[in-house]
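Remarks on the overall topology
Chain by chain, the residues:
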Amino acid sequence: MNTLTDNPQRRTLMTPAFRLASAAALALTLAACGQPDQDATIGQKLDTAIAATEKKADELGERAEAAADRAQADAAEATRDARVSAGETTAQMGDFIDDAAITAAVSARLAGDPDLSAIKIDVDTRDGKVTLSGPAPTEAARARAAELAISVKGVLGIDNQLVVTAG
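Predicted model, so just to flag it, every value in this text is computed and none were measured. (Residues numbered from 1 in each chain as written. Predicted model: local features only at pLDDT ≥ 70, side-chain atom pairs only at ≥ 80, totals over all residues. Heavy atoms only, no water.)

When you go through the chain residue by residue, the secondary structure sums to 5 helices and 3 strands. Mapped from its N terminus to its C terminus, the chain presents α and β elements in the order α-α-α-α-β-β-α-β. When each of the 167 residues of the chain is scored for burial, the buried share is 21%. The long-range fraction of contacts in the chain, counting pairs at least 24 apart against all pairs at least 6 apart in sequence, stands at 60%. As displayed, the chain has an accessible area near 11300 Å², and 58% of this comes from carbon and sulfur atoms. (Helix = DSSP H or I, 4+ residues; strand = E, 2+ residues; numbered from the N terminus. Buried < 20%, exposed > 50% of the residue type's maximum accessible area, 1.4 Å probe, protein only. Contact = heavy atoms within 4.5 Å. Areas by Shrake-Rupley, 256 points an atom, 1.4 Å probe, with all protein chains shown as cover.)

Pairing is mixed across the open sheet formed by 3 strands, whose spatial order is S1-S2-S3. For this open sheet the edge positions go to strand S1 (122–126) and strand S3 (157–164), each flanked by a neighbour on one side alone. Strand-to-strand twist across the sheet, computed as the mean angle between neighbouring axes with direction ignored, equals 10 degrees. Where S1 lies against strand S2 (residues 129–136), 5 bridges are found, and the strand directions are antiparallel. Paired with Val123 across the bridge in S2 is Leu132. (Pairing = 2+ DSSP bridges. Axes fitted to C-alpha atoms, helices over the stretch in contact; angles between N-to-C directions.)

A separate point is the side chain of Asp113. Relative to the helices and strands, Asp113 is located in the loop between helix H4 (42–111) and S1. When its relative accessible area of 9% is taken as the criterion, Asp113 is described as buried. Discounting chain neighbours no more than four positions away, the residues touching Asp113 are Arg144 and Leu148.

On to the pattern of salt bridges. Going through the model one piece at a time under the given rule, you end up with 5 salt bridges. A salt bridge links Arg142 to Glu139; the shortest N-O distance between them is 3.6 Å. In this pair, Arg142 and Glu139 both sit in helix H5 (residues 139–150), 3 residues apart, roughly one turn of the helix. Residue classification places Arg142 among the partly exposed residues on the basis of a relative accessible area of 22%. Each member of the salt-bridge network shares a partner with another, and the members are Asp113, Arg144 and Glu147. (Salt bridge = Lys/Arg side-chain N within 4 Å of Asp/Glu carboxyl O.)

This part covers the pairing of S2. Linking two consecutive strands that pair antiparallel, namely S1 and S2, is a turn of 2 residues; a positive phi of about 55 degrees is found at Asp127 within it. After leaving S2, the chain enters H5 and then returns to the sheet as S3, a path that is right-handed. (Right-handed = clockwise from strand over helix to strand, strands pointing away.)

Structure, rendered in structure tokens:
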């Protein structure tokens, strides 16, 4: 891929007709300045002006191509950075959604148990670890809550902070 000819504006700057016109304009300007060059003919002056214009056009073309290459490299790097950032954000959102799903599943299991359904048990999940807090009517109910929670897919651990209340 030639970055100089991919852009229509750059393509116009590189055409031979444009170079010739630029050289002619330069030659006429030099002639109008009245700087006599006794040994050179008009054709030689024109050839010199064309060569100088072509050289300058080539230099500018090389600079433009280098700038385009740098811009392309910068864009590629920015794209890579954006992909990495998006991947990290997606992973974090996935963890959050997984924890929310675990919390909902544990709460549903606790609500389905006759000894625990009437009691307000708080369920919190962070990175797969479930924390149970609140009252439990008996020690057996407290243990049963932990068993129900650990049986949920994705639970990596239980912090059973349920307190047995008499009564």
